[in-house]
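A look at the structure
One letter stands for each residue in the lines below.
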Amino acid sequence: ITLDAANNPNAVFVFRVGGAFRANPDFDLNLQNDAQAGNVYFVADTATVEANTNFRGNILAAKDIAINAGATVTGKTISLDGEVTATEASLAPAA
C-alpha cells in the first residue's frame, strides 16, 4: 500500500476492514510525501500481525488483537472489547 500525504504531515488515512484484519510478512506500507505512520488507522473486528511482520500504523479492533512472535508494530494497538496479546513481539509508538 502506498499512501501519499501530498506534503501534508497531518493527512489521515483510515481503512475499514470488514471482519478480520491480517498483516503478514509481505505487508508493505509505503509512506510518501510527509505521510506519517501515526496517522494511519486500520479498523476491524479482530486483527492479527503475523510473525516476522514489520507493521507501521494503528490498529483499532472491536475484539482481540494478536501480535505474533518476531513481529514489530510501530503504532498503537487498541481493542475496544477484547485483549491485545503480544508474544515475543516488539511494540513502539509511531512518530
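Read on for a plain summary of the structure. Because the structure is predicted, anything quoted here is derived from the model rather than measured.

So, on to the sheet that holds strand E11 (residues 77-79). Reading across from one edge, E2-E5-E8-E11 is the order of the four strands in this open sheet, with parallel pairing throughout. A strand with exactly one partner marks an edge of an open sheet, and here the two such strands are strand E2 (13-16) and E11. Averaged over all neighbouring strand pairs, the angle between strand axes comes to 15°, with direction disregarded. When E2 meets strand E5 (residues 40-44), the two strands line up parallel, connected through four bridges. Across the sheet, Val14 pairs through a bridge with Tyr41, a residue of E5.

Bringing the environment of Asn30 into the picture now. Following the sequence through the fold, Asn30 ends up in strand E4 (residues 30-32). Here Asn30 falls in the partly exposed class, since its relative accessible area comes to 31%. C-alpha of Asn30 to C-alpha of Arg56: the two residues are 26 residues apart in sequence and 9.4 Å apart in space. Look past the residues within four positions of Asn30 in its chain and what remains in contact with it is Ile1, Thr2, Leu3 and Arg56.

What follows concerns the nonpolar core. The biggest cluster of nonpolar side chains holds 24 residues, and the ones touching the most others in it are Phe13, Phe21, Phe27, Leu31, Val40, Val49 and Phe55. Of all the secondary-structure elements, those providing two or more residues to this core are strand E3 (20-23), E5, strand E6 (46-49), strand E8 (58-61) and strand E9 (65-67). In terms of residues, this core owes the most to one element, E5, which gives three residues.

A ring pair, where both rings are aromatic, is described by two values, the distance of the centres and the angle of the planes. Counted under the stated rule, the structure contains seven aromatic pairs. Each ring, one from Phe21 and one from Phe42, has its centre 4.8 Å from the other, and the planes form 20°; the classification is stacked. Here Phe21 is found in strand E3, whereas its partner Phe42 is found in strand E5, with 21 residues between them in sequence. By relative accessible area, which is 8% here, Phe21 ends up buried. Here Phe42 falls in the buried class, since its relative accessible area comes to 3%. One aromatic cluster in this structure is built from Phe15, Phe21, Phe27, Phe42 and Phe55.

What counts, and at which threshold
Residues numbered from 1 in each chain as written. Predicted model: local features only at pLDDT ≥ 70, side-chain atom pairs only at ≥ 80, totals over all residues. Heavy atoms only, no water. Pairing = 2+ DSSP bridges. Helix = DSSP H or I, 4+ residues; strand = E, 2+ residues; numbered from the N terminus. Axes fitted to C-alpha atoms, helices over the stretch in contact; angles between N-to-C directions. Buried < 20%, exposed > 50% of the residue type's maximum accessible area, 1.4 Å probe, protein only. Contact = heavy atoms within 4.5 Å. Core = buried A, V, L, I, M, F, W, Y, C linked by side-chain atoms within 4.5 Å. Phe/Tyr/Trp six-rings, centres within 6.5 Å; stacked < 30°, edge-to-face > 60°.

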